[in-house]
Amino acid sequence: MIRRAVLLLLASLLLCAGAGQAQAAGYRYWSFWDRDGDGWVYATQGPSMARPSDGDVQGFRFAVSEDSSEAARPRGTADFGTVCAKTPAREGKKRVALVIDSGTKADAPQGETPPPARTACARVSPDATTAQALATVAQPLRYDTNALLCAIAGYPEKGCGEQVASSHKSTESAPAAQKDTSDDDTSGDDGPSLGLLAGIAVVTALGAAAIWQLRRRDQA
């Protein structure tokens, strides 16, 4: 009876660990990316601090994400030559290709519909920040009191980095023809997290110790 109770306790703890993982919260926000070769890299600076070079490609993606390691990337391909083909170079200016992906209906705040994804070529002064480049092609922008980018081209109309239940987290990805291993929006979503695996290991060790103690007691 005692041994059965221990096993039932272990099962309950594992179920609780899985439930805790399922209830992890995400945040709805515009993430900021740099194009590196054929893939997107999460930017290490905010758009108000980053100063892109002439010929750079940068992207923004609106989605519900738990953290930067699994944030949804801008979809589709991004090529400077294509995006800026109709914006000729000009002396004393730099050109920055911008990809603006407003995400999916699943990520949209209640009552709002995301506008279609688009690209734009910003021609700005050599010392301009990404935020300044974005302001020339995607007004109006909206920021909060902490300089967090809340809206691009007026989307969304309200809200800024609010917490959202994980059941609303975006699971869509780029079309197969546009995907590569670095652009997969859902990488890491299909398996248990490191925290969950560590919790299971601890619970298993505790259960093994409890059973060992019971065996010693039975043999005494």
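What you see is a predicted model, and the numbers here were worked out from it, not measured in a lab. (Residues numbered from 1 in each chain as written. Predicted model: local features only at pLDDT ≥ 70, side-chain atom pairs only at ≥ 80, totals over all residues. Heavy atoms only, no water.)

A. Molecular detail of the overall build of the protein. The helix and strand tally for the protein stands at four helices and eight strands. Here the protein holds 220 residues, and the buried ones make up 39% of them. The contacts of the protein with a sequence gap of at least 6 include a subset with a gap of at least 24, amounting to 68%. Accessible surface computed for the protein: about 12600 Å², of which carbon and sulfur atoms make up 55%. (Helix = DSSP H or I, 4+ residues; strand = E, 2+ residues; numbered from the N terminus. Buried < 20%, exposed > 50% of the residue type's maximum accessible area, 1.4 Å probe, protein only. Contact = heavy atoms within 4.5 Å. Areas by Shrake-Rupley, 256 points an atom, 1.4 Å probe, with all protein chains shown as cover.)

B. View of the environment of Ala 128. Within the secondary structure, Ala 128 is located in the loop between β5 (118-124) and α3 (130-135). Separated by 78 residues in the primary sequence, Ala 128 and Ala 50 have C-alpha atoms spaced 8.7 Å apart. Setting aside residues no more than four positions away along its own chain, Ala 128 makes contact with Arg 51, Pro 52 and Lys 94.

C. Spatial organisation of the confidence of the model for the protein. With 64% of its residues at a pLDDT of 70 or more, the protein shows a mean pLDDT of 77. Overall, residues 5-22 carries pLDDT values under 50, and its contacts beyond four positions in sequence, including any with other chains, amount to 15 contacts. In this model, residues 171-203 is a region of pLDDT below 50 whose contacts with residues beyond four sequence positions or in other chains number 46 contacts. (pLDDT = per-residue confidence, 0-100.)

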